[in-house]
Amino acid sequence: MILAEHREAYNEYMSKTDLKLKPIIDEQEWQMIGVALSESLRGHVKVTLTLYDPHEFKELTGLVSVINTYRKEIKFHYDDDWEWISFDRIVSARI
């Protein structure tokens, strides 16, 4: 017999241990991501990014306004908001 508090704690523990692995991206895919990001920056074309998160993959659609190769991140505008996104989080990009 399991107490409700124990079941809740167990479920929380299992949700934290059910982490997704980050896919390995090859050189050709990185080139395709770079082309999509550059087109968004230069042509003001919306791009959809798939971002890695340990619990789920997130999709954001918006515009790239800055590509900072030194810090390896982009400034991404979406839904009247913006954020800096590290290259390490980007899994795919499509226009």
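Per-chain numbering applies: the sequence of each chain, read as written, is numbered from 1 onward. Side-chain atom pairs in this predicted model are given and counted only at pLDDT of 80 or more, local residue features only at pLDDT of at least 70, and totals for whole chains, interfaces and linings cover all residues. Values reported for side chains reflect all heavy atoms of the structure, with hydrogen atoms and water molecules removed beforehand.

Turning next to a nonpolar patch on the surface. Where nonpolar side chains cluster on the molecular surface, the patch consists of Val66, Trp82 and Trp84 and spans about 270 Å² of accessible area. Mapped onto the fold, Trp84 is located in strand β4 (residues 81-86). Since its relative accessible area comes to 34%, Trp84 is described here as partly exposed. The patches described consist of residues with a relative accessible area above 30% and no salt bridge, like charges being joined within 9 Å and nonpolar side chains (Val, Leu, Ile, Met, Phe, Trp, Tyr) within 5 Å. A 1.4 Å probe and the Shrake-Rupley method give the accessible areas. Residues count as covered only by the protein chains that appear here. Salt bridge, as applied in this entry: a Lys or Arg side-chain nitrogen positioned within 4 Å of an Asp or Glu carboxyl oxygen. Put simply, DSSP H or I for four residues or longer makes a helix, DSSP E for two residues or longer makes a strand, and each gets a number counted from the N terminus. Buried, partly exposed and exposed residues are distinguished by accessible area as a fraction of the type maximum, computed with a 1.4 Å probe on protein chains only: under 20%, between the cut-offs, and over 50%, respectively.

This part is about the pattern of salt bridges. Once the charged atoms of two side chains with opposite charge are near each other, the side chains can pair. Throughout the structure, instances matching the rule amount to three salt bridges. Here Arg94 makes a salt bridge to Glu59, at a shortest N to O gap of 3.5 Å. Of this pair, Arg94 sits in strand β5 (residues 90-94) while Glu59 sits in strand β2 (residues 58-68); the two residues are 35 residues apart in sequence, bridging distant segments of the chain. Linking Glu73 and Arg71 is a salt bridge whose minimum nitrogen-to-oxygen distance equals 3.3 Å. With relative accessibility at 10%, the residue Glu73 sits in the buried group.

This part is about the sheet that holds strand β1 (residues 47-51). Overall, antiparallel pairing links the five strands, which are arranged β4-β3-β2-β1-β5 in an open sheet. The open sheet has two free edges, formed respectively by β4 and β5, since each of these has just one partner strand. Each neighbouring strand pair of the sheet contributes to a mean axis angle of 45°, computed without reference to strand direction. Pairing between strands is defined by DSSP: at least two bridges between them are needed. Where strand β3 (residues 73-78) lies against β4, six bridges are found, and the strand directions are antiparallel. Whenever a helix is involved, its axis is fitted only over the stretch in contact; in every case the axis is a line through C-alpha atoms, and angles between N-to-C directions fall within 0 to 180 degrees.

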